[in-house]
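What follows is each chain in one-letter form.
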Amino acid sequence: FHPDTKSISYTTLSRFAPVKLLPPSIRKRILVTGGAGFVGSHLVDRLMLLGHEVTVIDNFFTGSKTTVSHWIGHPNFEMVRHDVVEPFMIECDQIYHLACPASPPHYQFNACQDDQDVLHGHPQHARTGQAHQGPLPHQQHIRYDLRQIPTICSSLITMLEVYGDPEVHPQTEDYWGHVNPIGPRACYDEGKRVAETLTYGFQRQDGVDVRVARIFNTYGPRMNPADGRVVSNFIVQALKGEDMTVYGDGKQTRSFQYIHDLVDGMIALMNSDETRPVNIGNGDEFTIGEFAELVREIVEKVQDEDGVKRTRSVKIIYEPIPTDDPQRRRPDTSRAKESLKWQPRWTVRMGLEEMVRYYKAKMEEGSL
Ligand code: NAD
Ligand code: UDP
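The shown structure was predicted, so the numbers you read here are calculated from the model rather than taken from an experiment.

## Remarks on the overall build of the chain
Inference 1: Across its full length, the chain holds nine helices and 15 strands.
Inference 2: Counting the 368 residues in the chain, one finds 44% classified as buried.
Inference 3: Put simply, of all contacts in the chain between residues at least 6 apart along the chain, 78% involve residues at least 24 apart.

See below:
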């Protein structure tokens, strides 16, 4: 997954992939909620390749079984169709809680459900963790019931986007954020904020061992091409020769990180002693207008290399900006560098090129 090593491809992964054989003393049982989604499925791949036992729970609201189907049948892998707002019992060492729709059209489709994912799903993980602090010896796994069974817990990770439309730039973890509590994005942003509040409440009250990742915009293969997010929209539009839709004047900014860097960061955080929130993101900031041009250039480069004939460059058109769209976003990742020794290794150009090739292959096989 290092940019220089192209040895393992997400498209060719199978249950025959070279999974490490870990002795039981260091092999962990890991639960990934939302493991059939974009981020979750890449995390599952990595944890499986590292030799751990992985259980996915997912209700397939925005995810799909196909993202992890290559692991079905592997003795270290289990998948359960389940909604995280309902009770669930499992024994495990670590929980990555990713279950929550992430794209604006999806989370606004059922805003109350979104907050329930966080309010019931997330904090109930924490509630299970009353009796234990620090890593557990093997075989003493978490007894994990979303609502009912408070016993022991080891680690927990949440995915949080708490800064809203920030007034401080770049955003450090000490910044408290700026969110319109009654706007259409509030179901997501406020849900994430209250999840953080509850996480640290459980840490103080019950000694739960927590990890909090504040993830910035992330892109990569397996992003749902229809989920309305900017990277997938632009690539699909450019590949299909359709107009690329920039919302507003295109001067708003985002900083995009490639999925493999995020997975590295999450695993480093989970296995560190850092219990404060940590920004995980790439500091390269683009205006959305510049980003549209970059995507168009990379799509054309890939098409030229593959001998695809184009009659013209696709047009960039401007459409109304959604309400409360954040104006500027760039993470300050000093804490991750110091504390986790982590920093992004994929440039946006390298990541985009890989993602364009992935979507192009999907288009050619007729599934896009
Ligand atoms: P995604 O929509 O691809 O994945 C979410 C997964 O959770 C899906 O498989 C979905 O079916 C599942 N899910 C949703 N509600 C559920 C429920 N109630 N019970 C069980 N499963 C449920 O989104 P993603 O991009 O992979 O995001 C994963 C996490 O990362 C989310 O918490 C999101 O808020 C966070 N995040 C993502 C980004 C990003 O740029 N992708 C940025 C910041 C934070
Ligand atoms: N955006 C855009 N065209 C699109 C989709 C999104 O210009 O086709 C803009 C959107 O208004 C926002 C930015 O791109 O300013 C990032 O949007 P996305 O939904 O990917 O993520 P988020 O707003 O949550 O950062």
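## Notes on the site of ligand 1
Inference 1: The full set close to ligand 1 counts 27 residues, and Gly 34, Gly 37, Val 39, Thr 62 and Gly 63 are the nearest of them.
Inference 2: Taken together, the residues that form the shell around ligand 1 break down as 14 nonpolar, nine polar and four charged.

## Topic: the nonpolar core
Inference 1: Counting 71 residues, the largest nonpolar core has Val 32, Val 44, Ile 235, Met 266 and Val 295 as the members making the most contacts within it.
Inference 2: Beyond its immediate sequence surroundings of up to four residues, Val 44 is in contact with Val 32, Gly 35, Val 54, Val 56, Val 68 and Trp 71.

## Description of the environment of Arg 27
Inference 1: The residue Arg 27 is located in the segment before strand 1 (29-33) in this model.
Inference 2: On a C-alpha basis, the gap between Arg 27 and Gln 94 in space is 11 Å, while along the polypeptide they are 67 residues apart.
Inference 3: Aside from chain neighbours lying at most four places away, what touches Arg 27 is Leu 22, Gly 51, His 52 and Glu 53.

## Let's talk about helix 1 (residues 38-49)
Inference 1: Its twelve residues place the ends of helix 1 17 Å apart at the C-alpha level, agreeing with the 16 Å of an ideal helix rising 1.5 Å per residue.
Inference 2: With ten of twelve residues buried, helix 1 lies mostly within the body of the structure.
Inference 3: Three or more residues of helix 1 are buried, namely Phe 38, Val 39, Gly 40, Ser 41, His 42, Leu 43, Val 44, Asp 45, Leu 47 and Met 48.
Inference 4: Against the buried residues of helix 1 lie strand 1, strand 2 (53-58), strand 3 (77-81), strand 5 (94-97), strand 9 (218-219) and helix 6 (259-270).
Inference 5: With its phi angle positive at about 100°, Gly 51 sits one or two positions after the end of helix 1.

## Topic: unusual backbone geometry
Inference 1: The omega angle of the peptide bond from His 169 to Pro 170 is -10°, so this bond is cis rather than trans.
Inference 2: Topologically, Pro 170 is positioned in the loop between strand 7 (155-159) and helix 4 (186-206).
Inference 3: Positive phi is not limited to glycine here, since Arg 222 has a value of about 75°.
Inference 4: Relative to the elements of secondary structure, Arg 222 occurs in the loop between strand 9 and helix 5 (230-240).
Inference 5: Look at Lys 341: it is not a glycine, yet its phi comes out positive at around 55°.

## Some details on the packing of helix 1 against helix 6
Inference 1: Interaxial distance between helix 1 and helix 6 falls to 10 Å at its minimum, and their mutual angle equals 65°. Seen along the crossing, helix 1 lies across helix 6 with a hand that is right-handed. Contact with helix 1, carried on its side by Val 39, His 42, Leu 43 and Arg 46, involves Ile 259, Leu 262, Val 263, Met 266 and Ile 267 of helix 6 and no other residues of that element.

## Structural notes on the confidence of the model for the chain
Inference 1: The pLDDT averaged across the chain works out to 81; a share of 79% of its residues lies at or above 70.
Inference 2: Low confidence marks residues 118-156, where pLDDT is under 50. Its contacts with residues over four positions away, or in another chain, come to 110 contacts.
Inference 3: In the predicted assembly, ipTM is 0.97 and pTM is 0.88.

## Concerning the site of ligand 2
Inference 1: In the vicinity of ligand 2 lie 14 residues, with Arg 229, Val 230, Asn 233, Thr 245 and Tyr 247 positioned nearest.
Inference 2: Looking at the shell around ligand 2, the elements with two or more residues in it are helix 5 and strand 10 (244-247).
Inference 3: Class assignment of the residues belonging to the shell around ligand 2 gives a composition of seven nonpolar, four polar and three charged.

## Description of the packing of helix 7 (residues 288-305) against helix 9 (residues 348-364)
Inference 1: Taken N-terminus to C-terminus, the directions of helix 7 and helix 9 make an angle of 55°; their axes are 10 Å apart at the nearest point. Here helix 7 lies oblique to helix 9, going by the angle between them. In this structure, helix 7 crosses over helix 9, and the sense of that crossing is right-handed. Contact residues: Val 295, Ile 298, Val 299 and Val 302 in helix 7; Arg 349, Leu 352, Glu 353, Val 356, Arg 357 and Lys 360 in helix 9.
Inference 2: When grouped by side-chain class, the residues that make up the contact of helix 7 with helix 9 number six nonpolar, no polar and four charged.

## Brief notes about helix 5
Inference 1: Among the eleven residues of helix 5, ten are classified as buried, and the element is accordingly described as predominantly covered.
Inference 2: Val 230, Val 231, Ser 232, Asn 233, Phe 234, Ile 235, Val 236, Gln 237, Ala 238 and Leu 239 are the residues of helix 5 that are buried.
Inference 3: Along its buried surface, helix 5 packs onto strand 9, strand 10, helix 7 and helix 9.
Inference 4: Among the residues trailing helix 5, Gly 241 stands out with phi positive, at a value near 75°.

## Description of the environment of Glu 173
Inference 1: Structurally, Glu 173 is set in the loop between strand 7 and helix 4.
Inference 2: Through-space distance from the C-alpha of Glu 173 to that of Ser 334 is 9.6 Å; in sequence the pair is 161 residues apart.
Inference 3: Look past the residues within four positions of Glu 173 in its chain and what remains in contact with it is Arg 214, Arg 276, Pro 277, Val 278, Asn 279 and Arg 335.

So, how was this worked out
Residues numbered from 1 in each chain as written. Chains lettered and ligands numbered in written order. Predicted model: local features only at pLDDT ≥ 70, side-chain atom pairs only at ≥ 80, totals over all residues. Helix = DSSP H or I, 4+ residues; strand = E, 2+ residues; numbered from the N terminus. Buried ≥ 20, exposed ≤ 12 C-beta atoms within 10 Å, placed from the backbone. Contact = placed C-beta atoms within 7 Å. Near = placed C-beta within 6 Å. Nonpolar A, V, L, I, M, F, W, Y, C, P; charged D, E, K, R; others polar. Core = buried A, V, L, I, M, F, W, Y, C linked by C-beta atoms within 7 Å. Expected span 1.5 Å × (residues − 1). Axes fitted to C-alpha atoms, helices over the stretch in contact; angles between N-to-C directions. Left-handed = near helix turned anticlockwise from the far one by under 90°. pLDDT = per-residue confidence, 0-100. Parallel < 35°, antiparallel > 145°, perpendicular 65-115°, else oblique.

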